[in-house]
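# Fold and geometry: a report
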Amino acid sequence: MTVRGGPRNLLAVCGLCLSNLAQLARTQHSEVARAHNRKVRFGLNGFVIVRDTEAEARDQLCEIIAHADAEAVEGFRESVQTAGAATSDKKGMWADSSFEDLVQYNDGFRTQLIGTPEQVADRIIEYKKIGVDLILTGFLHFQEELEAFGKTVIPIVREKEAELVNRGLLTPAGV
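Residues numbered from 1 in each chain as written. Predicted model: local features only at pLDDT ≥ 70, side-chain atom pairs only at ≥ 80, totals over all residues. Heavy atoms only, no water.

Under an unreviewed UniProt entry, the name given to the protein is Luciferase-like monooxygenase, and the organism recorded is Brevibacterium antiquum.

Listed below in structure tokens is the structure:
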């Protein structure tokens, strides 16, 4: 798990799965913030693969991993594990990261923003429900995929977000 402090009480959380992030949101970080009349906000790193079918998205993920530079990934693993020994928990941010996780730095695949537009939108909404304020996205083909993400995923997220806000199940973005 990666947690970094940032400006305006934003914690950048890299590559946490949904259940781990929910646990983090309920831990001491929130308690300390409340004690100082502050609100912790969470930013999450995620690599996005949106395709027409989940199978196509998963195939793309497998292809990315298969074409990874194994030497570079292993070098990164060694570096971060060495650095992790200097942290308070003696493990560091990437101690439990697999080779596949480390192909995309900051464990971006672990967020599972992989699938159809609807599946990715649903996943984003689940993260929003547990308190993620910002998702930093990465894409294989940045320009084309970012544009497609904006046209196919974001409208679904906005629609689902509005429905949850209307039902009182989600705080409006930016509040």
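With that settled, consider the environment of Glu 161. Inspection of the secondary structure puts Glu 161 in helix H8 (residues 154-166). On a C-alpha basis, the gap between Glu 161 and Ile 124 in space is 9.8 Å, while along the polypeptide they are 37 residues apart. (Helix = DSSP H or I, 4+ residues; strand = E, 2+ residues; numbered from the N terminus.)

Our focus in this paragraph is a negative patch on the surface. Negative charge collects at one region of the surface, where Asp 52, Glu 56, Asp 59 and Glu 63 lie side by side. Assignment of secondary structure puts Asp 52 in the loop between strand E3 (41-50) and helix H3 (54-66). The exposure class of Asp 52 is exposed, given its relative accessible area of 68%. (Patch = residues over 30% accessible without salt bridge, like charges linked within 9 Å, V, L, I, M, F, W, Y side chains within 5 Å. Areas by Shrake-Rupley, 256 points an atom, 1.4 Å probe, with all protein chains shown as cover. Salt bridge = Lys/Arg side-chain N within 4 Å of Asp/Glu carboxyl O. Lys, Arg positive; Asp, Glu negative; His and termini not counted. Charge placed at Lys NZ, Arg CZ, Asp CG, Glu CD. Buried < 20%, exposed > 50% of the residue type's maximum accessible area, 1.4 Å probe, protein only.)

Glancing now at the packing of helix H7 (residues 142-152) against H8. Packing of H7 against H8 leaves a shortest axis separation of 4 Å and a crossing angle of 35°. Contacts from Phe 149, Gly 150, Lys 151 and Thr 152 in H7 reach Ile 154, Pro 155 and Ile 156 in H8. Looking at the contact of H7 with H8 residue by residue, the classes come out as four nonpolar, two polar and one charged. (Axes fitted to C-alpha atoms, helices over the stretch in contact; angles between N-to-C directions. Contact = heavy atoms within 4.5 Å. Nonpolar A, V, L, I, M, F, W, Y, C, P; charged D, E, K, R; others polar.)

Given 3.6 residues per helical turn, the α-helix brings residues three or four places apart onto the same face. With 13 residues, H8 should cover 18 Å at 1.5 Å per step; its first-to-last C-alpha distance of 18 Å lies within 8% of that length. Along H8, the residues classified as buried are Ile 156, Val 157, Glu 161 and Leu 164. Viewed along the axis of H8, the buried residues span an arc of 130°, placing them on a single side of the element. Within H8, the exposed residues directed more than 90 degrees away from the buried face are Glu 159 and Asn 166. On its buried face, H8 sits against helix H6 (117-129) and H7. Just past H8, the residue Gly 168 takes up positive phi, approximately 75°. (Expected span 1.5 Å × (residues − 1). Arc of directions from axis to C-beta.)

Quick look at the pattern of salt bridges now. Applying the stated criterion to the full structure yields eleven salt bridges. Between Arg 77 and Glu 74 there is a salt bridge, and its shortest N-O distance comes to 3.1 Å. Taken together, the residues Arg 77 and Glu 74, both in helix H4 (residues 70-84) and three residues apart, mark about one turn of the helix. Owing to a relative accessible area of 17%, Arg 77 belongs among the buried residues under this scheme. Each member of the salt-bridge network shares a partner with another, and the members are Glu 118, Asp 122 and Lys 160.

If you look at the biggest cluster of nonpolar residues, it comprises 17 residues, and the most contacted ones within it are Val 48, Val 120, Ile 124, Phe 149 and Val 153. Looking at this core, the elements that each hand over two or more residues are E3, H6 and H8. With five residues, H6 is the single largest residue contributor to this core. Ignoring sequence-local partners within four residues, the contact set of Phe 149 consists of Val 48, Val 50, Val 120, Ile 124, Thr 137, Phe 139 and Ile 154. Counting 14 residues, the second largest nonpolar core, distinct from the first, contains Ile 49, Ala 57, Ile 64 and Ile 65. (Core = buried A, V, L, I, M, F, W, Y, C linked by side-chain atoms within 4.5 Å.)

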